[in-house]
Amino acid sequence: VQLQASGGGLVQAGGSLRLSCAASGLTFSTGIMGWFRQAPGKAREFVAAISWRGGSTYYADSVKGRITISRDNAKNTGYLQMDSLKAEDTAVYYCAMKTTGWIRVTFTSEYTYWGQGTQVTVSS
């Protein structure tokens, strides 16, 4: 199983980025996908999750209204559209998947598969 996150970079505050997560080696369409982030010196935190069909989404309060999670099961790829970025969004962003449970259960230990992370840096 491999999750490959991409799309990170350096952006000015107020700008946008779109992260992608390409999955292989698992039945992507049957897994809940989540995005997490980890800033230097801080614990990894939940950002967003999406159900296996994409019909349900769940967001951390800190990103609600600015970040949108989506997925294309035909392409085995998930996305995180990030708009109105702030300096505090600077972190390494990880995609993850789990095959059981609920999108509102956001513990990192709930997720079985993890991508390698992609750096997002927002300059103020």
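Look up: the structure comes first, before these words.
Residues numbered from 1 in each chain as written. Predicted model: local features only at pLDDT ≥ 70, side-chain atom pairs only at ≥ 80, totals over all residues. Heavy atoms only, no water.

Trainee: Requested: an account of the overall build of the protein chain, with residues and values cited.
Mentor: When its secondary structure is counted, the protein chain shows zero helices and 11 strands. The N-to-C order of helical and strand elements in the protein chain reads β-β-β-β-β-β-β-β-β-β-β. Taken over C-alpha atoms, the radius of gyration comes to 13 Å for the protein chain, in line with the 14 Å a tight globule of 124 residues would show. Across its three principal directions, the C-alpha atoms of the protein chain cover 40 × 25 × 25 Å. Counting the 124 residues in the protein chain, one finds 43% classified as buried. Restricting the contact set of the protein chain to residue pairs at least 6 apart, pairs at least 24 apart contribute 59%. Accessible area for the protein chain stands at about 6,300 Å²; split by element, carbon and sulfur atoms hold 47% of it. Both charge centroids of the protein chain, one from 12 positive and one from 7 negative side chains, sit 4 Å from each other. (Helix = DSSP H or I, 4+ residues; strand = E, 2+ residues; numbered from the N terminus. Rg over C-alpha atoms; globule rule 2.2 N^0.38 Å. Buried < 20%, exposed > 50% of the residue type's maximum accessible area, 1.4 Å probe, protein only. Contact = heavy atoms within 4.5 Å. Areas by Shrake-Rupley, 256 points an atom, 1.4 Å probe, with all protein chains shown as cover. Lys, Arg positive; Asp, Glu negative; His and termini not counted. Charge placed at Lys NZ, Arg CZ, Asp CG, Glu CD.)

Trainee: Now, about the packing of aromatic side chains: what can you tell me, with residues and values included?
Mentor: Within the structure shown, the criterion is met by five aromatic pairs. Seen in terms of ring centroids, Phe36 and Phe46 are 5.7 Å apart; in terms of plane orientation they differ by 75°. Their pairing is edge-to-face. Of this pair, Phe36 sits in strand β4 (residues 32-38) while Phe46 sits in strand β5 (residues 45-50), placing them 10 residues apart in sequence. When its relative accessible area of 11% is taken as the criterion, Phe46 is described as buried. Following the ring pairs from residue to residue traces out a cluster consisting of Phe36, Phe46, Tyr58, Tyr111 and Trp114. Against the face of Tyr94 rests Arg44, its NZ or CZ located 3.7 Å from the ring centre. One residue, Arg71, lies across the ring of Phe28, its end atom 4.4 Å from the ring centre. (Phe/Tyr/Trp six-rings, centres within 6.5 Å; stacked < 30°, edge-to-face > 60°. Lys NZ or Arg CZ within 6 Å of the ring centre and 35° of its normal.)

Trainee: Break down the pattern of salt bridges for me, with residues and values.
Mentor: Applying the stated criterion to the full structure yields five salt bridges. Where Arg66 meets Asp89, a salt bridge forms, and the shortest distance between an N and an O atom there is 2.7 Å. Here Arg66 is found in the loop between β6 (57-59) and β7 (67-72), whereas its partner Asp89 is found in the loop between β8 (77-82) and β9 (91-98), with 23 residues between them in sequence. You'll find Arg66 and Asp89 in the same group, each marked buried. A salt bridge links Lys98 to Glu110, with the nearest nitrogen and oxygen atoms 3.9 Å apart. In this pair, Lys98 sits in strand β9 while Glu110 sits in the loop between β9 and β10 (113-114), placing the two residues 12 residues apart along the sequence. (Salt bridge = Lys/Arg side-chain N within 4 Å of Asp/Glu carboxyl O.)

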